[in-house]
Amino acid sequence: MNKDSAFLKKLLATFKVEAAEHIASISSGLIELEKSPSAERQAEVIETVFREAHSMKGAARSVNLSGIENVCQSFESVLAALKRKEIAPERELLDLLHKSVNMLGGLLSTVETGEASPENDAIRGLIRELNRAAKAPSGSEKTGEGDKPPADLRQPSSDEASVPLTPVPPSVSIDTMRISKSKLDSLLLQGESFLSVKQTAAQQAAEK
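Predicted model, so just to flag it, every value in this text is computed and none were measured.

Asker: Whenever I open this one, the overall build of the protein confuses me. Can you help?
Answerer: A count of helices and strands for the protein gives six helices and zero strands. Sequence-ordered secondary structure for the protein, helices as α and strands as β, is α-α-α-α-α-α. The buried share among the 208 residues of the protein stands at 27%. For the protein, long-range pairs separated by at least 24 residues make up 70% of all intrachain contacts whose partners lie at least 6 apart in sequence.

Asker: Looking at this structure, I do not really get helix H1 (residues 3–34). What am I missing?
Answerer: Helical geometry: 3.6 residues make up each α-helical turn, so side chains three or four residues apart lie on a common side. Taking 1.5 Å as the rise per residue, H1 with 32 residues should run 46 Å; its terminal C-alpha atoms sit 47 Å apart, in good agreement. Every buried residue of H1 is listed here: Leu12, Phe15, Ala19, His22, Ile23, Ile26, Gly29, Leu30 and Leu33.

Asker: What am I meant to see in the nonpolar core here?
Answerer: Most often, soluble globular proteins keep nonpolar side chains buried together rather than apart. Ranked by internal contacts, the top residues of the largest apolar core, which has 42 residues, are Phe15, Ile68, Phe75, Val78 and Leu97. Ranked by residue count, the leading element in this core is helix H3 (residues 66–83), at nine residues.

Asker: When you look at the pattern of salt bridges in this model, what are you seeing that I'm missing?
Answerer: Pairing between side chains of opposite charge can happen when their charged atoms approach one another. Counted under the stated rule, the structure contains 11 salt bridges. As a salt-bridge pair, Glu47 and Lys83 come within 2.9 Å of each other at their nearest N and O atoms. Here Lys83 lies in helix H3 and Glu47 lies in helix H2 (residues 39–62), a separation of 36 residues in the sequence. Residue Glu47 is classed as partly exposed on the basis of its relative accessible area, which comes to 25%. Classification of Lys83 by relative accessible area gives partly exposed; the value is 38%. Arg91 is paired through a salt bridge with Asp95; the nearest N and O atoms lie 3.8 Å apart.

Asker: Looking at this structure, how should I read the layout of surface pockets?
Answerer: Gaps between atoms show up when a probe of the same size as a water molecule is rolled over them. Of the pockets and cavities examined, the second largest pocket occupies roughly 200 Å³. Elements with a contribution of two residues or more to the lining of the second largest pocket: helix H4 (91–109) and helix H5 (121–134). Take the lining of the second largest pocket: its biggest share by element is three residues, from H4. Taken together, the residues of the lining of the second largest pocket sort by class into five nonpolar, no polar and three charged.

Procedures and definitions
- Residues numbered from 1 in each chain as written.
- Predicted model: local features only at pLDDT ≥ 70, side-chain atom pairs only at ≥ 80, totals over all residues.
- Heavy atoms only, no water.
- Helix = DSSP H or I, 4+ residues; strand = E, 2+ residues; numbered from the N terminus.
- Buried < 20%, exposed > 50% of the residue type's maximum accessible area, 1.4 Å probe, protein only.
- Contact = heavy atoms within 4.5 Å.
- Expected span 1.5 Å × (residues − 1).
- Core = buried A, V, L, I, M, F, W, Y, C linked by side-chain atoms within 4.5 Å.
- Salt bridge = Lys/Arg side-chain N within 4 Å of Asp/Glu carboxyl O.
- 1 Å grid on protein atoms, 1.4 Å probe; cavity = no way out; pocket = protein on both sides within 12 Å on 5 of 7 lines; lining within 4 Å.
- Points joined across faces, edges and corners; volume = space filled by probe spheres on them.
- Nonpolar A, V, L, I, M, F, W, Y, C, P; charged D, E, K, R; others polar.

On their own, these measurements won't tell you what the molecule is for.
Shown next, in the form of structure tokens:
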């Protein structure tokens, strides 16, 4: 055995020990999440599991184990979505994460050389499941202020003036403005008061 092979074997042995610790910590965290801890504790567990998956991904990359690295990458994406509260740690999701841990354990047990672990159909299928789970719900399923139609498409409220429109020739340009009924009434009253004062002043001038 040459020096490079001996060094690689030593790296892989170290990786297997560290990866086994990461897997044990991740599995423990998932079991705790199943017990529905408090929101604060849940956030702490998710952060811990995220860091373990991130560390394992980096270690797998350093020894050229792409299969383990890619599973960790997709696993980490799910944890990132959990951290952002875009998805919730529901039973189906936790089962998928446990399935991923089992897959990582199986891949780890076969690590013998420095060759990249192949991505077989089972690994690719798991990665697709994880990537789908990491996606937040579509915006069309959410409700809120963003779902309100534009003002021009909404029916006018009872407080808005309803004024019949007269067709305008194409050559004529006009500016329009929507105004509430209460404001319109106020303006009309002010106009009436102004007209009354104007008429009184005109009568007084005529009498002189």
